[in-house]
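# Residue-level structural notes
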Amino acid sequence: MQPLVSIIIPTFNRAHLIGETLKSVLSQTYFNWECIVVDDGSTDNTAEILANYCKKDTRFQYQLRPENIPKGANACRNYGFEWSKGDFIQWIDSDDLMLPNKLEVQVSLIKEDSSALITSTWGRFVNSKELVPYPNYVSYNNFDNRRDFLNALATSRGYFPIHAYLMTKDLVLKSGGWDETLVINQDGEFMSRVFKNVNKFFCAKSTSVYYRHTDKNSTSIYTNIKKAEAAIQIWRKISKRLKKEGKSYVFFNKKLLYKNIKKMYPNLITKYLYFFKDVIAYNWYQNKLVYRAIKKMNKLFTS
């Protein structure tokens, strides 16, 4: 008997999108899965769509977030995990896609070594007919230690989308559930705890996942100063958590954070000057090199 994979999907008012995600689940060539969709209180026809899928295939489950559980995708993920019965966990958001062989290829890899965290190649899409892969990342390899994996991640956009991973249920239990208090970078905080408990990483190069390329309804955008400051606090936590083996990974993401926040909320840079001191020093040095290069070129052209 093949091991059971629990696919957990939080959703809120995604009736116009979730159908494509569920089709990508239904198209999997690996058959022993359960798909738990946790509704965060949708006011559209999400329930009707899920009722049709549950009727079509009993591997789908529709759960409504109980009133006594906090609202939010992380609470829904934790609730879905409580219902899960699988040996392996597949997280996916309600507007993402997986290629049909995703689970089959990754399960075969994780069965080789259950202590490993499994990744895949990935890309983006606007609609399911136009999939744009991100090729040739250094992170598309196998790694025997956390340091090498995080170094590779630092040169490969700094992350994998959450549905690129397949992990054991035991790894989730060991790492702890999703932090239900967060308003931003939920994936990054959760995965930083997972990374601390993994020393082997296998990449399923023959399959891919895709995230929907849109800025709408995204909690990863600094839409207000509260989210921006929350992002800084989260990266302070991650920095301490991964300070020994993830310096380059943290530094890469701190540079992105600094660039975005300086543009929108410069007062926060002043408030967290000590946290950003290495980025500021790096930028100063780079600017100095650029200034010298320009000065040298000006001399050449004017001489």
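In this report, the structure presented in the accompanying data block is examined. Since the model is a prediction, treat every value here as computed from it, not as a measurement.

Turning our eyes to something else, we now look at the overall build of the protein chain. Secondary structure summary: the protein chain contains 11 helices and 9 strands in total. For 303 residues, the compact-globule estimate of 2.2 N^0.38 gives 19 Å, and the protein chain sits close to it at 21 Å. Summarising its shape, the C-alpha atoms of the protein chain cover approximately 80 × 40 × 40 Å along the three principal directions. Counting the 303 residues in the protein chain, one finds 50% classified as buried. Surface exposure of the protein chain reaches about 15600 Å², of which carbon and sulfur atoms provide 55%. Within the protein chain, the 28 negative side-chain charges are centred at a point lying 12 Å from the centre of the 45 positive side-chain charges.

Here we come to the pattern of salt bridges. Counting across every chain of the model gives 12 salt bridges. For R212, the salt bridge goes to E20, with nearest N and O atoms at 2.7 Å. Here R212, found in strand β9 (residues 201-212), pairs with E20, found in helix α1 (residues 18-26); they are 192 residues apart in sequence, far enough to count as distant. Under the relative-accessibility criterion, E20 is labelled partly exposed at 24%. When salt bridges with common partners are traced through the structure, they connect D40, R65 and K71 into a single cluster.

A few words on helix α2 (residues 46-56). Those residues of α2 that sit buried are T46, I49, L50 and Y53. Projected down its long axis, α2 shows its buried positions confined to an angular sector of 95 degrees, all on one face. Turned more than 90 degrees away from the buried face of α2, the exposed residues are E48 and K55. The inward-facing, buried residues of α2 abut β1 (5-11), α1, β2 (33-39) and β3 (60-64).

With that settled, consider the sheet that holds β2. Pairing is mixed across the open sheet formed by 5 strands, whose spatial order is β3-β2-β1-β4-β8. Of all strands in the sheet, those bounded by a partner on one side alone are β3 and β8 (167-168). Bridge count between β1 and strand β4 (residues 88-91): 4 bridges; the pairing is parallel. Counterpart to V5 in the pairing with β4 is F88. Docked against the sheet, α2 engages β1, β2 and β3, running at close to 150 degrees with respect to β3.

The geometry of helix α5 (residues 146-154) relative to helix α9 (residues 247-264) is characterised by a closest axis approach of 7 Å and an angle of 25 degrees between their N-to-C directions. With respect to each other, α5 and α9 are oriented roughly parallel. Taken as a pair, α5 and α9 cross one another with a handedness that is left-handed. In this structure, α5 uses L150, N151, L153 and A154 to contact α9, whose residues at the interface are S248, Y249 and F252. In terms of residue class, the contact of α5 with α9 is built from 5 nonpolar, 2 polar and no charged.

What follows covers the sheet that holds strand β6 (residues 117-125). Taken together, the 4 strands give an open sheet; going across it, the order is β5-β9-β6-β7, and neighbouring strands pair in mixed fashion. On the outer flanks of this sheet lie β5 (97-98) and β7 (131-134), each paired with one strand and no other. For β5 and β9, the ladder comprises 2 bridges, and the chain directions are antiparallel. Directly across from M98, in β9, lies its bridge partner V209. Here helix α4 (residues 102-112) sits on the sheet in contact with β5, β6 and β9, set at roughly 155 degrees to β9.

With that settled, consider the packing of aromatic side chains. What the rule picks out here adds up to 26 aromatic pairs. Aromatic pair F149 and F160: ring centres 6.3 Å apart, planes at 5 degrees, arrangement stacked. With F149 in helix α5 and F160 in the loop between α5 and β8, this pair connects stretches of sequence that are 11 residues apart. Given the relative accessible area of 5%, F160 is considered buried.

Running from N to C, α1 and α2 cross one another at 15 degrees; their axes reach a closest spacing of 11 Å. Here α1 is positioned roughly parallel relative to α2, judged by the angle of their axes. Regarding α1 and α2, the two cross each other, and that crossing is right-handed. Contacts between α1 and α2 involve I18, G19, L22, K23 and L26 on the former and, on the latter, I49, L50, Y53 and K56. Of the residues belonging to the contact of α1 with α2, the class tally is 6 nonpolar, 1 polar and 2 charged.

Calculation criteria
- Residues numbered from 1 in each chain as written.
- Predicted model: local features only at pLDDT ≥ 70, side-chain atom pairs only at ≥ 80, totals over all residues.
- Heavy atoms only, no water.
- Helix = DSSP H or I, 4+ residues; strand = E, 2+ residues; numbered from the N terminus.
- Rg over C-alpha atoms; globule rule 2.2 N^0.38 Å.
- Buried < 20%, exposed > 50% of the residue type's maximum accessible area, 1.4 Å probe, protein only.
- Areas by Shrake-Rupley, 256 points an atom, 1.4 Å probe, with all protein chains shown as cover.
- Lys, Arg positive; Asp, Glu negative; His and termini not counted.
- Charge placed at Lys NZ, Arg CZ, Asp CG, Glu CD.
- Salt bridge = Lys/Arg side-chain N within 4 Å of Asp/Glu carboxyl O.
- Arc of directions from axis to C-beta.
- Contact = heavy atoms within 4.5 Å.
- Pairing = 2+ DSSP bridges.
- Axes fitted to C-alpha atoms, helices over the stretch in contact; angles between N-to-C directions.
- Parallel < 35°, antiparallel > 145°, perpendicular 65-115°, else oblique.
- Left-handed = near helix turned anticlockwise from the far one by under 90°.
- Nonpolar A, V, L, I, M, F, W, Y, C, P; charged D, E, K, R; others polar.
- Phe/Tyr/Trp six-rings, centres within 6.5 Å; stacked < 30°, edge-to-face > 60°.

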